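# Architecture at a glance
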Amino acid sequence: MRAAPTSLATLCLLTLALANGGAHAAGSLWQRDLKCASEKSERAQVICKALEKEMQWAGTGHAMPGLPSFQVTFKTAARVFCRLPVRAEDTPTLVEMGLWHRYASTDHSLRAAQLSNGSTSLLALLGDAAKPHYPSMEAIHKPQAWMTAREMDALRREIENMTDHPASVFSPRSPDYLLKGGCQNVP
């Protein structure tokens, strides 16, 4: 039995329906909109706005290409790190931003993942300078129910792995180090 040919109008309607559903699912990632006003502290809002401004248009996915969107990339993190600038004193804010969007946020969108990735990348660029500034549970005046020492330790280990591996763009030993030659060489 032969399949009926699909009309051009049917294909157009199907394409529009998929695009509309995709736009709803992608939400603000088709724009530079990380909803920074919802960040808890003033410094977190400033960092978020800087990440938002430097987002780049790129394809999503790893093994399979996905829909393009604005994303926080490695270059985004390097630009924010140098232009804002991000300092070791920002470590507690970055830790809270990263952990909040990873574990506690009720917004499980790609936008929340972009903020978590951006704050993690900024911590990795701080490298050893951030280590003495990592908050402990004792140092946090009012820890949230979701924040545990386990999550902070896991983040700390993740950052150490990112900065210690010689092939990582966050390792000064890598030929592809994001800050090779200093901030003046960051495009």
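Residues numbered from 1 in each chain as written. Predicted model: local features only at pLDDT ≥ 70, side-chain atom pairs only at ≥ 80, totals over all residues. Heavy atoms only, no water.

To continue, consider the overall build of the protein. When its secondary structure is counted, the protein shows six helices and two strands. Going from N to C terminus, the protein has its helices and strands arranged as α-α-β-β-α-α-α-α. Relative to its full complement of 187 residues, the protein shows a buried share of 41%. Excluding contacts between residues fewer than 6 apart, the proportion of contacts in the protein whose partners are at least 24 apart in sequence is 59%. Counting only carbon and sulfur atoms, one obtains 58% of the accessible surface of the protein, whose full area is about 11200 Å². (Helix = DSSP H or I, 4+ residues; strand = E, 2+ residues; numbered from the N terminus. Buried < 20%, exposed > 50% of the residue type's maximum accessible area, 1.4 Å probe, protein only. Contact = heavy atoms within 4.5 Å. Areas by Shrake-Rupley, 256 points an atom, 1.4 Å probe, with all protein chains shown as cover.)

Before going further, it helps to examine the side chain of threonine 73. Along the polypeptide, threonine 73 turns up in the loop between strand S2 (68–71) and helix H3 (74–83). Within the structure, threonine 73 has its side chain in polar contact with the side chain of threonine 76 (distance 3.0 Å). (Polar contact = N/O pair within 3.5 Å; in protein donor to acceptor, adjacent residues only side chain to side chain.)

Taking 1.5 Å of rise per residue, the 16 residues of helix H6 (residues 149–164) would be expected to cover 22 Å, and the 22 Å separating its terminal C-alpha atoms lies within 8% of that figure. Considered for burial, the residues of H6 that qualify are Glu151, Met152, Leu155, Ile159, Met162 and Thr163. Mapping the buried residues of H6 onto a view down its axis gives an arc of 105°, with all of them on the same face. Residues of H6 that are exposed and angled more than 90 degrees away from the buried face: Arg150 and Asn161. (Expected span 1.5 Å × (residues − 1). Arc of directions from axis to C-beta.)

Under the defined criterion, the tally for this structure stands at two aromatic pairs. Each ring, one from tryptophan 57 and one from phenylalanine 70, has its centre 5.0 Å from the other, and the planes form 70°; the classification is edge-to-face. Of this pair, tryptophan 57 sits in strand S1 (residues 56–59) while phenylalanine 70 sits in strand S2, placing them 13 residues apart in sequence. Arranged with centres 5.3 Å apart and planes meeting at 85°, the rings of phenylalanine 74 and phenylalanine 170 form a pair that is edge-to-face. Separated by 96 residues along the polypeptide, phenylalanine 74 in helix H3 and phenylalanine 170 in the segment after H6 bring together distant segments of the chain. (Phe/Tyr/Trp six-rings, centres within 6.5 Å; stacked < 30°, edge-to-face > 60°.)

This part takes up the state of the cysteines. Enumeration over the complete set of coordinates arrives at two disulfides. Covalently, cysteine 36 is tied to cysteine 48 through a disulfide, its sulfur atoms 2.1 Å apart. What sets the handedness of the cysteine 36 and cysteine 48 disulfide is the S-S torsion sign, and at about -75° it is left-handed. Here cysteine 48 lies in helix H2 (residues 42–54) and cysteine 36 lies in the loop between helix H1 (8–26) and H2, a separation of twelve residues in the sequence. Residue class for cysteine 36 comes out buried when judged on its relative accessible area of 5%. With its disulfide-bonded cysteines labelled consecutively along the sequence, the protein is connected as 1-2, 3-4. (Disulfide = S-S within 2.5 Å.)

Time to look at the pattern of salt bridges. Evaluation of the coordinates by the stated rule reveals seven salt bridges. A salt bridge links lysine 35 to aspartate 33, with the shortest nitrogen-to-oxygen separation between them at 3.3 Å. (Salt bridge = Lys/Arg side-chain N within 4 Å of Asp/Glu carboxyl O.)

Relative to each other, H2 and helix H4 (residues 91–104) sit at 70°, their axes nearing to 10 Å. Between H2 and H4, the interaxial angle falls into the category roughly perpendicular. Across from Arg43, Ala44, Ile47 and Cys48 in H2, the residues of H4 making contact are Thr93, Leu94 and Met97. A class-by-class count of the residues in the contact of H2 with H4 yields five nonpolar, one polar and one charged. (Axes fitted to C-alpha atoms, helices over the stretch in contact; angles between N-to-C directions. Parallel < 35°, antiparallel > 145°, perpendicular 65-115°, else oblique. Nonpolar A, V, L, I, M, F, W, Y, C, P; charged D, E, K, R; others polar.)

Purely geometric stuff here, so don't read any function into it on its own.
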